[in-house]
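# Residue-level structural notes
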Amino acid sequence: MDFGRVITAMVTPFNQRDEIDFGQAERLIDYLITNGSDALVVNGTTGESPTLSKEEKISFLKFVVNYVNKRVPIIAGTGSNNTTESISLTREAEKIGVDGIMLVTPYYNKPSQEGMYQHFLAIANATTLPVMLYNIPGRSVVNLAVDTVIRLSKVDNIIAIKEASGNLDAIGMIVAQTPADFYLYSGDDNLTLPILALGGHGVVSVSSHIVGREMKQMTDAYLAGEVEKATQIHQDISSIMKTLFIAPNPTAVKEALAMIGLRVGSVRLPLIPLNQSERAILHEALHSLQQHKVS
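Residues numbered from 1 in each chain as written. Predicted model: local features only at pLDDT ≥ 70, side-chain atom pairs only at ≥ 80, totals over all residues. Heavy atoms only, no water.

## Brief notes about the UniProt feature "active site" (unreviewed entry) in the protein chain
- Cross-referencing UniProt, the feature "active site" (unreviewed entry) maps to Tyr-134 and Lys-162 in the present numbering. On the basis of their most widely separated C-alpha atoms, the annotated residues across 29 residues gather in one place, lying no more than 4.6 Å apart. Lining the largest pocket, from the residues just named, are Tyr-134.
- Within the secondary structure, Tyr-134 is located in strand β5 (residues 131-135). (UniProt positions renumbered as here; feature names shortened; annotations may be inferred. 1 Å grid on protein atoms, 1.4 Å probe; cavity = no way out; pocket = protein on both sides within 12 Å on 5 of 7 lines; lining within 4 Å. Helix = DSSP H or I, 4+ residues; strand = E, 2+ residues; numbered from the N terminus.)

## Focus on empty space enclosed by the protein
- As enumerated under the stated definition, the model contains one cavity of 30 Å³ or more in all.
- Of the pockets and cavities examined, the largest cavity occupies roughly 40 Å³.
- Around the largest cavity, the lining residues are Val-65, Val-68, Lys-70, Val-72, Ile-74, Gly-97, Val-98 and Asp-99.
- Split by residue class, the lining of the largest cavity holds five nonpolar, one polar and two charged. (Points joined across faces, edges and corners; volume = space filled by probe spheres on them. Nonpolar A, V, L, I, M, F, W, Y, C, P; charged D, E, K, R; others polar.)

## Description of unusual backbone geometry
- Cis geometry is found at the peptide bond from Asn-249 to Pro-250, where omega equals 10 degrees.
- Mapped onto the secondary structure, Pro-250 falls in the loop between α10 (227-243) and α11 (251-259).
- Not every positive phi belongs to a glycine, and Lys-70 is a case in point at roughly 70 degrees.
- As for its position among the elements, Lys-70 is in the loop between α2 (54-68) and β3 (74-77).

## Some thoughts on the sheet that holds strand β8 (residues 202-205)
- Reading around the barrel, the eight strands line up as β1-β2-β3-β4-β5-β6-β7-β8 and close back on themselves, with parallel pairing between neighbours. With direction set aside, neighbouring strand axes in the sheet form an average angle of 25 degrees.
- When strand β1 (residues 6-9) meets strand β2 (residues 39-42), the two strands line up parallel, connected through three bridges. In the strand pairing of β2, Thr-8 is matched with Leu-40. (Pairing = 2+ DSSP bridges. Axes fitted to C-alpha atoms, helices over the stretch in contact; angles between N-to-C directions.)

## Remarks on the side chain of Asp-38
- Mapped onto the secondary structure, Asp-38 falls in the loop between α1 (22-34) and β2.
- Polar contacts involving the side chain of Asp-38 include one to the side chain of Lys-216, which spans 2.9 Å.
- Excluding anything up to four places from it in sequence, Asp-38 contacts Phe-3, Gly-4, Arg-5, Val-6, Val-72, Pro-73 and Lys-216. (Polar contact = N/O pair within 3.5 Å; in protein donor to acceptor, adjacent residues only side chain to side chain. Contact = heavy atoms within 4.5 Å.)

## Concerning the UniProt feature "site: Part of a proton relay during catalysis" (unreviewed entry) in the protein chain
- Those places that UniProt annotates as "site: Part of a proton relay during catalysis" (unreviewed entry) correspond, in this numbering, to Thr-45 and Tyr-108. Put simply, the named residues that line the largest pocket are Thr-45 and Tyr-108.
- With respect to the helices and strands, the residue Thr-45 is situated in the loop between β2 and α2.
- Residue Thr-45 is classed as partly exposed on the basis of its relative accessible area, which comes to 22%.
- Residues contacting Thr-45, with those up to four places away along its chain left out, are Tyr-134, Arg-139 and Pro-250.
- Assignment of secondary structure puts Tyr-108 in the loop between β4 (100-104) and α4 (113-125).
- By relative accessible area, Tyr-108 is classed as exposed at 72%.
- Here Tyr-108 is in contact with Asn-81 and Ser-140, once residues within four sequence places are set aside. (Buried < 20%, exposed > 50% of the residue type's maximum accessible area, 1.4 Å probe, protein only.)

## Quick notes on the pairing of β5
- Summarising burial for β5: five of the five residues are buried, a large majority.
- Sheet topology note: the β4/β5 ladder contains four bridges and is parallel. Paired with Leu-103 across the strands is Leu-133, a residue of β5.
- For the crossover that starts at β4, traverses α4 and ends in the parallel β5, the hand is right-handed.
- Bridge count for β5 against strand β6 (residues 158-163) is five bridges, and the pairing is parallel. Across the sheet, Leu-133 pairs through a bridge with Ile-161, a residue of β6. (Right-handed = clockwise from strand over helix to strand, strands pointing away.)

Listed below in structure tokens is the structure:
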């Protein structure tokens, strides 16, 4: 299954009581679909999955699937460092009607490559849904090796990987040594264009909350052979992409959404809101982006 080129890892809106805000989620979903998102990841890192209960994850998935109503594919973040729990949540997500699942490398346990292979294989075998792997050693400590990804790409329903290692050599090898219908997505917004050049398929993005239309235009331009245009768009949005990570994700992107009129609430502890200095930096970056669009 092709989930498209620009996939947004969607934030989870909270109200002032720190509960999921379904009304604001409707506004956010409509905005994202209108502004370049080909698919949405729900309950991922950007959705603050570590602070969501299983009941909240299931409730939010049901809501999103029903509200989106097949307008774009929905990918559920069901991975964890507990294989049995991941299988359970994956089966619940499949019943709800999601279009795919995303499985992060098991954090904290520090499993071996064989352990990770068996972990992902067990979950994939428990579902008929398409599976996207997610390699992010900066958060999970463990790195999914190229050889392990190649082995997993031979499993029928493991069809993609979100690669956030930043290792372009490894990314190039994965693209070259996996089947043509196994898609590699950038997990780092600022590496989207270089990864497209290496044969990557697209991006699972945070910045697309703010510059989704531009990221879509960049990928389309590159794939159409308009490399100079794609490069110019990358340069135009590189500053805001960097600024959206001045604090642990999704702190800055939630604040940025509020600044453009989409009040999705704050982050849950142990994350904390931006301080005054960080907020000023973000405001200036958004202002510069808007001035550039006007000019």
